[in-house]
Amino acid sequence: MSAGKYEKPTINKIEFAMASKYGSPMKTQKIRTEIDGISVNELTQKYGSPLFVFSQRQMEEKYNTMYSAFSSRYPDVTFGWSYKTNYLNEVCRVFHSLGSIAEVVSEFEYQKARALGIEGKNIIFNGPYKPYADLKIAVQEGAKIHVDNLFELNDLEQIADELDMKIPVAIRINMDTGVYPQWSRFGFNYESGDAYDAIKRMYDGGKMYLNGIHTHIGTFMLDANAYKIATTKIMQLKAQVEHEFNAEIEYIDLGGGFASKSNLKGVYQSADVIVPTADEYAEAITNAIYENNKSEKLPKLYLETGRAMIDEAGYLLTSVHGYKRFPDGKKGYILDAGVNLLYTSTWYNYNIEVDKHYEGNNEPSMLNGPLCMNIDVIEEHLMLPALDRGSVLTISPVGAYNYTQAMQFIRYKPAVVMIGTDGEARVIKDVDDLATVNYKEL
């Protein structure tokens with residue numbers, strides 16, 4: 001029998017953060033050997049490490065589940081793919097092919113949607129900052145413009161004069177839905193009357209008319225009832241506007257914010273327990289429309305789906321570069337991916353899986369990235385077996401916001417691979433190199 005590798009024994013303090021509700025740390029190993037039938041080791045060997053991997057199959061399954069929950073309850077619903085969540089071209093194309101229009105929050109995202117072949121009429125233009133020239137283009141191309149503030153109203157009145165046209169717009173409103181902190185930064189407040197005053201100004205000026213009402217009440221919303229409250233208030237405002245201004249509101253937009261199966265830091269119940277189902281979100285919204293509709297026609301319903309569609313379909317593969325012992329005895333692993341690629345590490349405890357079964361007991365470990373910064377910590381308290389140099393870890397879910405907010409900092413941004421419904425992997429974004437990141441010096 002061959003002798004095993006010797007490691008100096010250590011005494012480790014068990015951190016409270018590592019304990020379950022039963023008081024003992026995880027003893028079993030969480031293992032992932034493949035994604036959609038392709039070995040994680042094969043993926044990193046072929047495309048490099050670190051590596052973002054997206055599953056088209058899982059994206060389509062998530063979309064179909066959410067869309068079915070709404071369309072089975074409501075006759076006229078359209079999803080708008082939230083570009084800020086993940087604007088990789090191939091990701092956007094998948095959701096557009098399934099029926100989503102585009103929801104954008106900047107001139108960059110608007111231009112990206114147009115470059116992908118999305119017509120202006122199929123773009124929802126949100127955001128608190130819309131440059132005048134781009135706002136004018138959006139008006140000319142028939143985009144769904146959601147007005148955020150009075151300065152934007154001024155710009156639209158001027159554009160209406162320049163184009164000699166009456167502009168259809170939607171208004172973005174914020175409100176109290178019982179969830180705190182309240183998202184009050186975007187749009188006009190409902191309770192104070194600011195939303196109504198802004199709408200009145202539109203009609204008094206005669207240069208715009210309202211064809212939609214929009215709200216986005218927050219992100220990672222764990223209370224489906226908050227959407228019922230929001231929908232009720234939108235429908236009440238809709239009825240008031242239609243009565244007082246002899247108007248017809250074509251659509252309402254409940255934004256996004258639907259949670260994925262991510263585990264929030266500081267929350268000890270699992271995502272499977274606390275995250276509402278697609279049916280629960282759909283029931284809350286559609287019931288409130290039916291209960292509060294005062295007109296002969298039901299409004300068209302838009303939803304700006306993002307996180308819930310893509311988060312669980314995204315993985316980050318990262319390899320162990322080395323390890324060391326800290327003064328407290330904890331083992332610290334150095335990975336080739338860090339917080340430069342995992343923007344959401346501040347808020348979420350990721351699912352972290354090893355690539356095979358490793359002999360030996362789990363011990364308290366820390367995962368650090370490759371950055372020369374003390375804050376580069378992916379996981380501070382984790383029970384792991386003794387990993388080898390080159391071991392591949394799979395981190396998930398990371399499909400939402402991480403790639404779009406990944407920094408070009410210290411290391412090149414990695415390649416991105418999508419595994420298609422045919423089971424084949426293809427590169428959808430090459431790894432950066434010096435040519436792609438060089439700045440033009442003036």
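Residues numbered from 1 in each chain as written. Predicted model: local features only at pLDDT ≥ 70, side-chain atom pairs only at ≥ 80, totals over all residues. Heavy atoms only, no water.

A.B. asks: Just to check I follow, could you spell out the overall build of the protein chain for this structure?
C.D. replies: Helix and strand counts for the protein chain come out as 12 helices and 22 strands. A compact globule built from 442 residues should have a C-alpha radius of gyration of about 22 Å, and the protein chain, at 25 Å, falls within 12% of that. Judged by the C-alpha coordinates and their principal axes, the protein chain covers about 90 × 55 × 40 Å. The buried share among the 442 residues of the protein chain stands at 54%. The contacts of the protein chain with a sequence gap of at least 6 include a subset with a gap of at least 24, amounting to 69%. Of the roughly 20,700 Å² that the protein chain leaves accessible, carbon and sulfur atoms contribute 50%. Of the side chains in the protein chain, 45 bear a positive and 58 a negative charge, and the two mean positions are spaced by 4 Å. (Helix = DSSP H or I, 4+ residues; strand = E, 2+ residues; numbered from the N terminus. Rg over C-alpha atoms; globule rule 2.2 N^0.38 Å. Buried < 20%, exposed > 50% of the residue type's maximum accessible area, 1.4 Å probe, protein only. Contact = heavy atoms within 4.5 Å. Areas by Shrake-Rupley, 256 points an atom, 1.4 Å probe, with all protein chains shown as cover. Lys, Arg positive; Asp, Glu negative; His and termini not counted. Charge placed at Lys NZ, Arg CZ, Asp CG, Glu CD.)

A.B. asks: Honestly, the pairing of strand β3 (residues 51-55) in this entry has me stumped. Any pointers?
C.D. replies: For a regular strand, side chains alternate in direction, first toward one face of the sheet and then toward the other. For β3, the tally of buried residues reaches five of five residues, placing the bulk of the element in the interior. Of the two faces of β3, the one lined by L51, V53 and S55 and the one lined by F52 and F54 are each fully buried. The pairing of β3 with strand β14 (residues 314-325) spans four bridges and is classified as antiparallel. From the neighbouring strand, F52 faces β14, where its bridge partner is L316. When β3 meets strand β21 (residues 416-419), the two strands line up parallel, connected through four bridges. Its bridge partner lying in β21, F54 is registered against M418. (Pairing = 2+ DSSP bridges.)

A.B. asks: Sorry if this is basic, but what is going on with the layout of surface pockets here?
C.D. replies: To find leftover empty space, a probe the size of one water molecule is rolled over the atoms. Volume-wise, the second largest pocket comes out at about 880 Å³. Residue lining of the second largest pocket: 39 residues in total, with W183, H216, G218, T219 and R307 positioned closest to the centre. When the residues that make up the lining of the second largest pocket are grouped by side-chain class, the tally is 18 nonpolar, 14 polar and seven charged. (1 Å grid on protein atoms, 1.4 Å probe; cavity = no way out; pocket = protein on both sides within 12 Å on 5 of 7 lines; lining within 4 Å. Points joined across faces, edges and corners; volume = space filled by probe spheres on them. Nonpolar A, V, L, I, M, F, W, Y, C, P; charged D, E, K, R; others polar.)

A.B. asks: Explain the pattern of salt bridges here, please?
C.D. replies: Pairing is possible between side chains of opposite charge, provided their charged atoms come close. On inspection of all chains with the given rule, the structure shows 21 salt bridges. Between E312 and K62 there is a salt bridge whose closest N-O contact spans 2.9 Å. With a gap of 250 residues between them, E312 in the loop between α11 (307-310) and β14 and K62 in helix α2 (residues 56-71) connect regions that are remote in the sequence. A salt bridge links K130 to E152, with the nearest nitrogen and oxygen atoms 2.8 Å apart. Of this pair, K130 sits in the loop between β6 (123-125) and α5 (132-140) while E152 sits in helix α6 (residues 150-163); the two residues are 22 residues apart in sequence, bridging distant segments of the chain. In this structure, K130 and E152 share a single accessibility class: buried. Each of D36, R57 and E61 takes part in a single network of salt bridges with overlapping partners. (Salt bridge = Lys/Arg side-chain N within 4 Å of Asp/Glu carboxyl O.)

A.B. asks: Which parts of the structure should I look at to understand the packing of aromatic side chains?
C.D. replies: Where two aromatic rings form a pair, the distance of their centres and the angle of their planes describe that pair. Inspection of every chain in the model, using the stated rule, returns 21 aromatic pairs. Centre to centre, the rings of Y196 and F245 are 6.1 Å apart; their planes meet at 35°, and the pair counts as tilted. Of the two residues, Y196 is situated in helix α7 (residues 194-205) and F245 in the loop between α8 (224-244) and β11 (251-253); the sequence distance between them amounts to 49 residues. One aromatic cluster is present, formed by Y63, Y67, F70, F79, W81, F95, Y227, F258 and Y281 through successive ring pairs. The ring of F125 carries K130 above its face, with NZ or CZ at 5.7 Å from the centroid. Just above the ring of Y323 sits the side chain of K331; from NZ or CZ to the centre is 4.3 Å. (Phe/Tyr/Trp six-rings, centres within 6.5 Å; stacked < 30°, edge-to-face > 60°. Lys NZ or Arg CZ within 6 Å of the ring centre and 35° of its normal.)

A.B. asks: Where do I start with the confidence of the model for the protein chain in this structure?
C.D. replies: Predicted coordinates in areas of low pLDDT are best not read in detail. Of the residues in the protein chain, 93% reach a pLDDT of 70 or more, and the chain-wide mean stands at 93. Within the model, pLDDT remains below 50 along residues 20-25, and this stretch shows four contacts once partners closer than five positions in the same chain are excluded. (pLDDT = per-residue confidence, 0-100.)

A.B. asks: I'm lost on a nonpolar patch on the surface in this one. Help?
C.D. replies: A cluster of nonpolar side chains, namely M373, I375, M407, F409 and I410, defines an oily patch on the protein surface of about 460 Å² accessible area. By the element assignment, M407 lies in the loop between β20 (392-396) and β21. (Patch = residues over 30% accessible without salt bridge, like charges linked within 9 Å, V, L, I, M, F, W, Y side chains within 5 Å.)

A.B. asks: How should the packing of α8 against helix α10 (residues 278-292) be read in this particular structure?
C.D. replies: Between two packed helices, the angle of one axis relative to the other and the distance separating the axes together describe the packing. Put simply, α8 and α10 touch, their axes get as near as 8 Å, and they point 25° apart. With respect to each other, α8 and α10 are oriented roughly parallel. The handedness of the crossing between α8 and α10 comes out as right-handed. Residues A224, Y227, K228, T231, T232, M235 and Q236 of α8 lie in contact with α10, whose contacting residues are E280, Y281, A284, I285, A288, I289, E291 and N292. By residue class, the composition of the contact of α8 with α10 is eight nonpolar, four polar and three charged. (Axes fitted to C-alpha atoms, helices over the stretch in contact; angles between N-to-C directions. Parallel < 35°, antiparallel > 145°, perpendicular 65-115°, else oblique. Left-handed = near helix turned anticlockwise from the far one by under 90°.)

A.B. asks: Mind showing me how you'd approach α5 here?
C.D. replies: In an α-helix, one turn spans 3.6 residues; hence positions three or four apart end up facing the same way. When α5 is considered as a whole, its buried residues turn out to be D134, L135, A138 and V139. Looking straight down α5, one finds that the buried residues subtend no more than 145° of arc, so they occupy a single side. (Arc of directions from axis to C-beta.)

A.B. asks: Would you explain the nonpolar core in this entry?
C.D. replies: The tendency in soluble globular proteins is for nonpolar side chains to be buried side by side. In this structure, F70 and L301 are the most contacted members of the largest nonpolar core, which totals 109 residues. Looking at this core element by element, the count peaks at eight residues for α8. Non-local contacts of L301, meaning those with residues more than four positions away in its chain, are made with F70, Y74, D76, V77, T78, I252, L254, I285 and I289. With 14 residues, the next largest nonpolar core counts V53, V392, V417 and A425 among its residues. (Core = buried A, V, L, I, M, F, W, Y, C linked by side-chain atoms within 4.5 Å.)

A.B. asks: Looking at this model, I keep getting lost on the packing of α2 against helix α3 (residues 89-97). Mind explaining?
C.D. replies: The geometry of α2 relative to α3 is characterised by a closest axis approach of 10 Å and an angle of 40° between their N-to-C directions. As summarised for this structure, α2 and α3 are arranged oblique, according to the angle between their axes. Between α2 and α3 the crossing geometry is right-handed. The segment α2 lies against α3, with Q56, M59, E60 and Y63 engaging V91, V94 and F95. Of the residues assigned to the contact of α2 with α3, the class counts are five nonpolar, one polar and one charged.

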